[in-house]
Structure formats: C-alpha cells, structure tokens
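Chains, contacts and geometry: an overview
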Amino acid sequence: MTLLSLLLDNEENGKKLFLLGNEAIARGALEASVSVVTTYPGTPSSEIGDTLYDLHKEAGIKFQFSVNEKVAVETAFAASISGVRSLVFMKHVGLNVASDPFVTTAYTGTRAGMVVLTADDPSMYSSQNEQDNRHYAELAHIPMIEPSNPQEAKDFLVKAYEISEKYNIPVLFRTTTRVAHMRAPVALGKIEKEHVSVAQFVKDPERFVSLPSNALRLKEKLIEKISEIEKESDSYDLNRIERIGSGGIGIITSGASFNSVMDVVNEYALDADILKIGLSYPAPRDMISAFLSEHERVVVIEELDPYLENNVRITSQINGLKTIINGKIDGYFSYSHEFTPDTVAQSLSKIMGFPYTPIVAVKSVLPPRPPVLCPGCPHRATYYAVERAVKMMKVDPVYSSDIGCYSLGFYEPYREADTMISMGSSIGLANGFSLVSGRKVIAFIGDSTFYHSGIEPLINAYHYGLNMLVMILDNDVTAMTGQQPNPGSDTDTEVAPVKIEEIVRGIGISDIAIVDPYDTAVTLKAITSALRNDGISVIISRRECAILRDRKMQKNGKLQVYTVNQDKCGLCMNCVENFACPAIYIEDKRIKINPDLCDGCGVCSQVYVCPYRAIEVEHASI
Ligand code: SF4
Ligand code: SF4
C-alpha cells in the first residue's frame, strides 16, 4: 500500500505508521473530519499541503493552494462560519500576511472548528527571519497549541477542533521545523465522520459584521472566552508533568524544546520534574503556580523568545512566590536559533552545576557549497541577460529581489539582489527607490509571488508614474516549496490559467515584453529596450522550471546534453565565470560539461555565452 492509501485507510485505526510531523498533521485532519483545507505553500509546512492535495479528492476534502495566506484564512473562516470544519496552514511569515483577518476572526468567533497552523522556522533553514509566532496568540486572544512530536501533532490537532467548537473560536496550532520534519511512529485514530461537502451560512450580521458597535461587544465576549479556557486549561491532557527522580529542579518547556530537555535529563541522569505545556495560550496559570510552589528553582527552556518565561514570571509575581526562575531573561539561554540537546545541556549545566561534556562534532568531509540555481534553470539565463544588458547600457541599477528560487541571484557571479525582505517587496521597494533616488530600479519577482502580493505595488507604481523595470520570472509553478501549482499554472481544472500579461495590461502598463530566457538574443534586446524607457516596463521571462522540464523530457526520451568542442574552445572562461551553470567545470585546464548534470537547455551554446561557439550538442542520452 502507498503512504497515501495508508493515511486514508480507516482499518489502520490503532496501528502505527512511521510519519513525518507534517504527514501526521494530514492524518489528523482526516481524523478530525476537516472538510476545507487552504494554504499558501511555505516551508516548513509544505508537506501538509502536498499530502492533503494528493488525497483530497479521494477523502472528499475541498483543497486550495490559495493565492496568498490572507485569502487562505478568509476562505477557511467562511467555511467554518458556514458550518464546515476547516484547516488553514502556512509558514510563520505567512501569518503576517494573514494577520488582518486572523485577529478579527477571534472577535466574531467561528462555528464549525477552525484551526490556523503556523510553522515557525527557528534557525531560518528556509526563511528570511525567525519570528516567534506564539506572540500572535496573545495579540489576537486566540488559544494556542504546541505539539512536540508527530504523534502529538496528530492527536493535538484533533483536540484543537474540540476546543475550537466548544468555545466557537479559532485555534492557533504552532509547529516548528523540527516537529514538522521529524519522523516517528504514530498510532492512528479513527476517521469518525464523513467530510461535509455542502453547508449553508446562517446569517447573524450583529456577530459577523465587525463594525465598531458590534466589535466592542464581541471583544468583551472574546476576553470571557479566553478566561474560561484558562480556567479549564489545567484539566486538559495537553499539559502534563513528567517526574524523573525525586523532584529536584523544575523545568517548564514546550514544543521541540521538550525533546531536547528529555534527552539531556536522561543523558545526565538529572533529578528533575518537567512541566510540558501543550496549550500555551492561555497559559495554565494554576498548574504553573502549583509547579513553582513545589520547587525552589524552575528553569524555563524554550526556543526563540521568552514567551513561556514571561508567563511563568508573571504567575510567580501574582502569587507572591519565591521560586528562583532561570531562562533567557537572566541570560542563561539564547533568544536565537533552534536548540539542540547540546545547547540545552550547556546552559543547564551552568544553572545546576553538573559537569558538561560537549558533544564532539563529526568533522564534515564535504566542502561547503553555496546554494546554486539548478543546471538549466531559466532564472540563470535571465540574470545573465540582465547583467549583459546593464553593462551594454552603462547603467547602475538598484536590484530589488523577492522571495523564491530567484533570490539565489544574490550570489556570485550574478549579485543581482540588493534588497529582499518579504513576499512582493521587490516591487514595493522599487516604488520607494524610484521615488527618492532617480536611479533605474530593476525588480525581480516570480510568478507565484506576483499573484501573492506583487500586483498591488505594481498598481501603486503605475498610479504614481514611477520608473522601474519589473522582471517577472514565470516558471509556471511555485517552485521553491516543491512545484505546487499557482493561478498561472496549466493544471487539470476547467478554468484557464490567469495570464500575468493581462493583469499588467489591465493596470494600464503598455511597455510589456514576453521573452523566452533560453533565447538570449531576444531577451537581451527586450531588456536593453526597457532600460531606455523612463516609465514602467515589465518583462515576463517565461520558461517552465528546469526540474519540471527535465521530468517531461526524460518521460518523452528527448533529453540531450551538451559538450565542449576542445578544438574550438578559446578558454575565455565566460561560461564558468559569468554564466556559471553548475554542469560546466574546469579539469586539466580544459572546460568540460558533466553530462549527468547537464539538462540540455542549450543556453551556454549561444554566442552571447560562448563567443567561440565551442559548446555543442553531444548526443541524445535517453
Ligand atoms: S546546456 Fe549548458 S547551460 Fe544548459 S544545463 Fe547543459 S551545461 Fe548547463
Ligand atoms: S565560453 Fe566557450 S570558449 Fe569560453 S571557455 Fe567556455 S567553452 Fe571555452
């Protein structure tokens, strides 16, 4: 049986599957009878979407890769208040985009259960920051659950729907990279009910129209709800105490940090009680207070901000307790990065005075490798053409980049990213640069990011008559997070893809070119022409993602590779130093192409890359 069929199989109730945290969450959604699932793809939450997308039809779930996280939350919210359970998930920064509706959904409340999952990324494995989204729970007054492992990820998700429906409130479900990507045995539960496919919205405008006159009343009700959940939170099995030894030191922890704490306590045979908090907003104050009273010293161990620690210190102060509390605020633990058992042991040894033995790191035999664009990536061809055109035109532009594979244009030899802060910010920042600097600005944005949040800043730029060249790198998919479809993808729906050029023309912009970046001559001509323009120019550089292209070509048996004709090569080094396809390398003072890496795009063979025309088709390899 495939994993998907195992995940769908109700006969597997009670059996165990070896699942990623994100796969366990997908199973949890099935066990919780979720009927509507929405997301914008973002690591580390991507595998939830990939799994549920693959099985949604069979499971009877309505699934959307929404255009952005705000739309995803709004869609899921409307499903909930129509009486259908919904799940919406995103990476941590996605909640910034969705925060506007997210906060107000707490005021109006929900009907059927609604869970908003945020996947935080301590250590920024694939993100631009490591913000701690637990603060959103307090900011929005929305209860928050933090699982520590795949089993809890599944079980706590089911529990989240019970809390959501008991109090008619959305629940924030906070995972981190370690929990999302950890693999462990997961005991399955029963898929209880059928998924609801049709529901009716029952009108209640005094509740769902958040005008100030209604919102003032709703806010009071929201605070009452949170207070009731707090009173009950001590009784939830989401929070528990692990007693190891005879109650020496107390440790309060949650999420992935719990796993590191358990490793250290077992490794060093520490005498400790551990209060593991699963429902971390509202904090179980009575439970924390009782735990503090039992111990002379309590250490709070959590990744990123001192979120729990603040709650523990407030609880201590309210109850007039004398317990010594250690954590980040007094400098024992870092505010940054993911914790490991080693980092936890190091800090804990200073507090408890046990001898700390550093884990000897195994020295990597692999040389460090910077991230690179794939062989045949159309973005490389675009960056190369921009670099050539800028030199030819003798301009010194500001390069405003964006979130996606193409942010790798930051690295040598391209260096075509001077800024990159958030989704859609390439065009947003280009507005500001154009307004104040008088310099040409070149903004790079991908197709998915353009649909997500690039359209509004382009409207703004047009409205104010600003001067910029917007390069829209259209590779047909949301490539960086795993090739998910977007509104421009030619998927199997009956609806035609949304054309970027029609959106741009609809705004009123007339200087538009559509180029194939594999055609260097045409691309160069379009860029030099746009650089002469004083207003807004848009170039859509359209070529499907090289990974998708490879898959198709291998399937059709058409993959060809290129080789260097040594008799023609003038050793000018342009292909290595300025174009930099990873398939091209130097050996014995000769330029060679690795046929296992070459995907046959042919860009390097063109005269603008190889002036000696020394790169030629070798043979059909498949
Ligand atoms: S054809 Fe040239 S540029 Fe394209 S993948 Fe092969 S070596 Fe790289
Ligand atoms: S660009 Fe052409 S001539 Fe120059 S080093 Fe590469 S293969 Fe040789």
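Keep in mind that what you see is a predicted model, and the values were worked out from it rather than measured. (Residues numbered from 1 in each chain as written. Chains lettered and ligands numbered in written order. Predicted model: local features only at pLDDT ≥ 70, side-chain atom pairs only at ≥ 80, totals over all residues.)

**Some details on the overall build of the protein**
Helix and strand counts for the protein stand at 21 helices and 23 strands. Seen through its C-alpha atoms, the protein measures out along the principal axes to roughly 80 × 65 × 55 Å. Expressed as a percentage of its 622 residues, the buried residues of the protein come to 50%. Long-range pairs, those at least 24 residues apart, make up 78% of the contacts in the protein with a sequence separation of at least 6. (Helix = DSSP H or I, 4+ residues; strand = E, 2+ residues; numbered from the N terminus. Buried ≥ 20, exposed ≤ 12 C-beta atoms within 10 Å, placed from the backbone. Contact = placed C-beta atoms within 7 Å.)

**Focus: the packing of helix H2 (residues 21–31) against helix H7 (residues 150–167)**
Contact geometry of H2 with H7 gives a least axis separation of 8 Å together with a crossing angle of 25°. Taken together, the axes of H2 and H7 are roughly parallel relative to one another. Handedness of the H2/H7 crossing: right-handed. On the side of H2, the interface is formed by Gly21, Ala24, Ile25, Arg27, Gly28, Ala29 and Glu31, while H7 contributes Pro150, Gln151, Ala153, Lys154, Leu157 and Val158. (Axes fitted to C-alpha atoms, helices over the stretch in contact; angles between N-to-C directions. Parallel < 35°, antiparallel > 145°, perpendicular 65-115°, else oblique. Left-handed = near helix turned anticlockwise from the far one by under 90°.)

**Here we look at the pairing of strand E21 (residues 584–587)**
With four bridges connecting them, E21 and strand E22 (residues 590–593) associate as antiparallel partners. If you follow isoleucine 584 over to E22, its bridge partner there is isoleucine 593. From the end of E21 to the start of E22, which pair antiparallel, there are two residues, and aspartate 588 there has a positive phi angle of about 50°. (Pairing = 2+ DSSP bridges.)

**A word on the site of ligand 1**
In the neighbourhood of ligand 1, 14 residues make up the surrounding shell, with Pro375, Cys581, Cys598, Cys601 and Cys604 lying closest. Tallied by class, residues from the shell around ligand 1 come to 10 nonpolar, three polar and one charged. (Near = placed C-beta within 6 Å. Nonpolar A, V, L, I, M, F, W, Y, C, P; charged D, E, K, R; others polar.)

**Focus: unusual backbone geometry**
Note the cis peptide between threonine 43 and proline 44, where omega equals 15°. On the secondary structure map, proline 44 appears in the loop between strand E2 (36–39) and helix H3 (46–59). Cis geometry marks the peptide bond from glutamate 412 to proline 413; its omega dihedral reads 0°. As for its position among the elements, proline 413 is in the loop between strand E15 (398–400) and helix H16 (425–437). In this structure, serine 33 is a non-glycine residue whose phi angle is positive, near 55°. Here serine 33 lies in the loop between H2 and E2.

**Some points on the sheet that holds strand E13 (residues 297–301)**
Paired through backbone hydrogen bonds, the strands of a sheet run either parallel or antiparallel to each other. Strand order in the open sheet formed by five strands is E9-E11-E10-E13-E14, and the pairing between neighbours is mixed. Of all strands in the sheet, those bounded by a partner on one side alone are strand E9 (240–244) and strand E14 (324–326). Adjacent strand axes in the sheet meet at a mean angle of 20°, parallel and antiparallel pairs treated alike. Looking at chain direction, strand E10 (residues 249–254) and strand E11 (residues 272–277) are connected through six bridges and run parallel.

**Here's the deal with the domain arrangement of the protein**
In terms of domains, the protein is made up of domain 1 (3–233), domain 2 (240–352), domain 3 (378–550) and domain 4 (557–620). Summarising the inter-unit geometry, the C-alpha centres of domain 3 and domain 4 are found 27 Å apart. Of the residues lining the interface, 11 residues belong to domain 3; the matching set on domain 4 comes to 12 residues. Elements with a minimum of two residues in the side of domain 3 that touches domain 4: helix H15 (378–393), helix H19 (520–532) and helix H20 (546–556). Ranked by residue count, the leading element in the side of domain 3 that touches domain 4 is H15, at four residues. Grouping the constituent residues of the side of domain 3 that touches domain 4 by class yields seven nonpolar, one polar and three charged. (Domains from an automatic or database assignment.)

**Some points on the environment of tyrosine 335**
Looking at where tyrosine 335 falls in the secondary structure, it is placed in the loop between E14 and helix H14 (341–352). Distance from tyrosine 335 to proline 306, taken between C-alpha atoms, is 7.4 Å for residues 29 residues apart in sequence. Every residue in contact with tyrosine 335, bar those within four places of it in the chain, is listed here: Leu304, Asp305 and Lys328.

**Notes on the sheet that holds strand E5 (residues 114–120)**
One open sheet accounts for seven strands, arranged E3-E2-E4-E5-E7-E6-E12; its pairing is mixed. The outermost strands of the open sheet, each flanked by one partner alone, are strand E3 (62–65) and strand E12 (279–281). Sheet analysis places E2 next to E3, joined by four bridges and oriented parallel. Counted as the bridge partner of valine 37 is phenylalanine 63 from E3.

**Overview of the nonpolar core**
Inside soluble globular proteins, nonpolar side chains tend to come together where they are buried. In this structure, Ala29, Val115, Leu157 and Ile252 are the most contacted members of the largest nonpolar core, which totals 105 residues. The dominant element in this core, judged by the number of residues it contributes, is H7, at seven residues. A domain split of this core shows at least three residues from each of domain 1 (3–233) and domain 2 (240–352). Membership of the second largest hydrophobic core comes to 67 residues, among which are Ala526, Val538, Phe579 and Ile593. (Core = buried A, V, L, I, M, F, W, Y, C linked by C-beta atoms within 7 Å.)

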